[in-house]
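Structure assessment
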Amino acid sequence: DRRESPAVILGSIPSSEALAPGMTLIKKEEHDRRVAEVESWKIENEMQTLQKRREGMKLSRFQALAILRQYGKRDTAEQIIADPETDPLTVDAWNYATEFRRLSPTILSMAPALGLSDEQLDQMFEEGAEIEA
């Protein structure tokens with residue numbers, strides 16, 4: 001763990017080995033606690049990285065419509081927009097937006113209705129960004 005100085009190395013050594021200078025032997029409970037801390041930090045770091053990646057994802061209107069067509073979801077999206085129960089702000093965003101951001105309210109509200117998971121949305125945005133007119 002590089003957050004500590006000197007650095008902490010989590011692991012084990014054979015009982016026949018002597019501790020090197022500067023090494024400290026800790027009990028299993030302390031080892032397990034430190035491993036859990038590192039694992040928790042890794043998960044939090046991965047979540048932050050994913051959030052930042054998603055914040056930067058965007059598609060042009062053309063790219064969004066094209067990727068929806070490729071995934072067989074465009075007709076369903078159009079039906080959602082045509083439904084009188086759909087939020088008027090979502091309808092306006094759908095009809096007039098020039099780009100769609102991955103974390104926008106429009107995308108977040110339509111995804112469940114389209115049966116799309118977060119992972120599928122990520123994939124669609126990544127693939128959609130490669131589409132050229």
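Before reading on, note that the structure itself is shown above.
Quick look at the structure, then.

A look at the nonpolar core
Membership of the largest hydrophobic core comes to 22 residues, with the highest contact counts inside it found for Trp-94, Met-110 and Leu-114. Sorting the residues of this core by element identifies helix H2 (61–70), helix H3 (74–82), helix H4 (88–96), helix H5 (105–113) and helix H6 (118–128) as the ones contributing at least two each. Setting aside its immediate chain neighbours within four residues, Met-110 contacts Ala-77, Ile-80, Ile-81, Thr-90 and Trp-94.

Let's talk about the pattern of salt bridges
Overall, the coordinates contain 12 salt bridges when judged by the stated rule. Close ionic contact of Lys-28 with Asp-32 constitutes a salt bridge, the shortest N to O distance being 2.8 Å. One end of the pair, Lys-28, and the other, Asp-32, are both in helix H1 (residues 28–56), four residues apart, so they sit about a helical turn from each other. Its relative accessible area of 57% is what places Lys-28 among the exposed residues. The class for Asp-32 is partly exposed, based on a relative accessible area of 35%. Across the pair Arg-102 and Asp-122 runs a salt bridge, and its minimum N-O distance is 2.9 Å.

Section: the packing of H1 against H6
It is at 11 Å that the axes of H1 and H6 come closest, and there the two elements cross at 45 degrees. When the axis of H1 is compared with that of H6, the two are oblique. Here H1 and H6 pass one another in a crossing that is left-handed. Residue-level inspection shows Leu-50, Arg-53 and Arg-54 of H1 in contact with H6, the latter providing Asp-118, Glu-119, Asp-122 and Glu-126.

What counts and what doesn't
For every chain, the first residue of the written sequence is number 1, and numbering continues from 1 onward in sequence order. In keeping with the model being predicted, local features are shown solely for residues with a pLDDT of at least 70 and side-chain atom pairs are shown and tallied solely at 80 or more, while totals for entire chains, interfaces and linings include all residues. No hydrogens and no water enter the side-chain calculation; it runs on all heavy atoms of the structure. For our purposes a nonpolar core is just a set of buried Ala, Val, Leu, Ile, Met, Phe, Trp, Tyr and Cys residues, chained together by side-chain atoms within 4.5 Å. Burial here depends on accessible area, computed with a 1.4 Å probe over protein chains only, as a share of the maximum for the residue type. Under 20% is buried, over 50% is exposed, and the range in between is partly exposed. Helix and strand assignments follow DSSP, with helices taken as H or I runs no shorter than four residues and strands as E runs no shorter than two, numbered in order from the N terminus. By definition in these notes, contact holds between two residues if any of their heavy atoms fall within 4.5 Å. The term salt bridge refers to a side-chain nitrogen of Lys or Arg lying within 4 Å of a carboxyl oxygen of Asp or Glu. Under this scheme, a helix contributes an axis fitted over its contacting stretch, all axes are lines through C-alpha atoms, and angles between N-to-C directions fall in the 0 to 180 degree range. For classification, angles of less than 35 degrees are called roughly parallel, those exceeding 145 degrees roughly antiparallel, those between 65 and 115 degrees roughly perpendicular, and all remaining angles oblique. In this scheme the handedness of a crossing depends on how the near helix is turned from the far one: anticlockwise by less than a right angle means left-handed, clockwise means right-handed.

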